[in-house]
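# Geometric and topological summary
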Amino acid sequence: MNNFRRVSIIGSWHICLVLLLLSCKKDETTQQFPPMELEVSTVEKGNGLISKEYPASIEGIADVEIRPQVSGYLQKILVDEGSYVRAGQPLFKIEDRIYAEQYNTAKAAVSVARANLRTAKIDLDRRKELVKEKIVANLQFQQAEATYQAAQASLSQAEASAQAARINYEFCTIKAPVSGYLSRINYRLGSLIGPSGAQPITILSDIHKVNVYFSMSESDFLNFQDVNIGSTVGEKMKNSPLVDLQIADGKIYGNKGKIDAVEGQFNSNTGSITLRASFENPNTLLRAGNTGKILIKQNFNNVVLLPIASTTTIQDKIYFFSLDKNNKAVQKSIEIAGKSGTNYMVTEGMKPGERYIVSGFERLQPGIPVIPKSSSDKKAPQKNTTAAKQNG
């Protein structure tokens, strides 16, 4: 029993000693971190503007595959790769001797058919007079009339065959259907080419105007429709915003584009929908096959703004220092919608009217007392800032 009392007394002394040491340590901590005088401001709301980026591919308004419509050996190449050609300009020549002979034969058949028609007409007129004079029976006149009609049909058939032969003969000279720039020529002189070839002779791109295709997520597209009323599939886009194109070297293309078409449905695999923006390309800086990024500006009204300089980033999370009612530092994390100029647009983690430390918090620790500077030194967040980029 005495041993039990002795142990209890010793235990009580140990507890008292621990409490005494903790109290001393707390006093040392307070003394180690004296109050810091720092600039403090108040969270406010304002208007934000961001520019979302969407990877894009560029195509000419007409990317035409140049294919032969008749078979034969490639006899002449009249243009060079990369050349600019005008609509109707000859590009290639196929060996045409066979088609020329077929055309000549067809024309001769037309001449024969016309001669037969004249003979039938003479016989028909003669029998018509004989019938009037009742020299021959009416049956002979009907036979002559049938022969004349058959001769007319034969002439029409011969003329159609001649026209087909002429078309095939003209197809031996391959002409540009539109104006534009030629791509790589996939065949060389002497190559046997035909309509069923695996690849076209070349591709002709009309790039005086280009179409830029990009995809939006479902949430972005719903927001896009909310802002741009009337942007429905299959209709002319109403109130469609002007968009910028960032080309491969990072520069912004000089002409603005307009979204003028939306795909009919979302891609079930990617959950995105494709849109098309058209850009004028008078200097042909853009070519089919180029890539870039579509930049769409998006306004946010009445959002919480926090200067980026008043935050720190730790392991992909953004933090700021707030002040509690006792003017002690409290470190908090925030969620953002994006950057607007020199500010973050905050969605979670802070509210209007809350005080935050503007700068000088590099050595600040949570719980340290802060002496706020006067309100005249406060630095409020900038409103109506210029657009900054955010990946879309």
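Our structure is the block above this text.
Throughout what follows, the structure given in this document is the object of discussion. Please read all numbers here as calculations on a predicted model, not as lab measurements.

## Concerning unusual backbone geometry
In the Ramachandran plot, glutamine 315 falls in the positive-phi region, its phi being about 50° despite a non-glycine side chain. With respect to the element layout, glutamine 315 can be found in the loop between β15 (312-314) and β16 (317-323). Overall, glutamine 315 belongs to the exposed group, its relative accessible area being 76%. Unlike most non-glycine residues, aspartate 316 shows phi in positive territory, near 65°. Mapped onto the elements, aspartate 316 comes out in the loop between β15 and β16.

## Examining the nonpolar core
Formed by 24 residues in total, the largest nonpolar core has its most connected members in Phe214, Met216, Leu245, Leu275, Phe279 and Ile294. Of all the secondary structure elements, the ones that give two or more residues to this core are β3 (44-66), β10 (202-217), α4 (218-227), β11 (242-247), β12 (257-262), β13 (272-280) and β14 (291-307). If you tally residues by element for this core, the top one is β10, at five residues. Excluding residues within four positions of it along the chain, phenylalanine 279 makes contact with Lys209, Val210, Val212, Val243, Asp244, Leu245, Tyr253, Asn255, Lys256, Gly257 and Ile294. In terms of nonpolar packing, the next biggest core, distinct from the first, is built from 18 residues, Ile66, Val70, Ile185 and Leu204 among them.

## Re the layout of surface pockets
Size it by volume and the second largest pocket reaches roughly 160 Å³. Lining the second largest pocket are Asp316, Lys317, Ile318, Ser333, Ile334, Glu335, Ile336, Glu348 and Gly349. The leading source of residues in the lining of the second largest pocket is strand β17 (residues 329-340), at four residues. Each residue belonging to the lining of the second largest pocket can be placed in one class, and the counts come to three nonpolar, two polar and four charged.

## Section: helix α3 (residues 138-170)
The terminal C-alpha atoms of α3 lie 48 Å apart, and with 33 residues this matches the ideal 48 Å at 1.5 Å per residue to within 8%. Taken together, the buried positions of α3 are Phe141, Ala144, Tyr148, Ala151, Leu155, Ala158, Ala162 and Ala165.

## A few points about the sheet that holds strand β6 (residues 90-94)
One open sheet holds the four strands; their spatial order is β7-β6-β4-β9, and the pairing between them is antiparallel. Of all strands in the sheet, those with a lone pairing partner are β7 (173-175) and β9 (192-193), marking the two edges. As judged from the two bridges shared by strand β4 (residues 72-77) and β9, these two strands associate in the antiparallel manner. Residue pairing in the sheet places tyrosine 73 in a bridge with leucine 192 of β9.

## Here's the deal with the pattern of salt bridges
Overall, the coordinates contain 13 salt bridges when judged by the stated rule. For the salt bridge of lysine 93 with aspartate 96, the shortest nitrogen-to-oxygen distance reads 3.6 Å. Where lysine 256 meets aspartate 244, a salt bridge forms, and the shortest distance between an N and an O atom there is 2.7 Å. With lysine 256 in the loop between β11 and β12 and aspartate 244 in strand β11, this residue pair connects regions lying twelve residues apart in the sequence. Take aspartate 244: its relative accessible area is 13%, and that puts it in the buried class.

## Regarding the packing of helix α2 (residues 97-132) against α3
Between α2 and α3, the shortest axis-to-axis distance is 8 Å and the interhelical angle comes to 165°. As judged from the angle between their axes, α2 and α3 are roughly antiparallel. Considering only the axes of α2 and α3, their crossing is left-handed. For the contact of α2 with α3, the residue count by class is 20 nonpolar, nine polar and nine charged.

Calculation notes
- Residues numbered from 1 in each chain as written.
- Predicted model: local features only at pLDDT ≥ 70, side-chain atom pairs only at ≥ 80, totals over all residues.
- Heavy atoms only, no water.
- Helix = DSSP H or I, 4+ residues; strand = E, 2+ residues; numbered from the N terminus.
- Buried < 20%, exposed > 50% of the residue type's maximum accessible area, 1.4 Å probe, protein only.
- Core = buried A, V, L, I, M, F, W, Y, C linked by side-chain atoms within 4.5 Å.
- Contact = heavy atoms within 4.5 Å.
- 1 Å grid on protein atoms, 1.4 Å probe; cavity = no way out; pocket = protein on both sides within 12 Å on 5 of 7 lines; lining within 4 Å.
- Points joined across faces, edges and corners; volume = space filled by probe spheres on them.
- Nonpolar A, V, L, I, M, F, W, Y, C, P; charged D, E, K, R; others polar.
- Expected span 1.5 Å × (residues − 1).
- Pairing = 2+ DSSP bridges.
- Salt bridge = Lys/Arg side-chain N within 4 Å of Asp/Glu carboxyl O.
- Axes fitted to C-alpha atoms, helices over the stretch in contact; angles between N-to-C directions.
- Parallel < 35°, antiparallel > 145°, perpendicular 65-115°, else oblique.
- Left-handed = near helix turned anticlockwise from the far one by under 90°.

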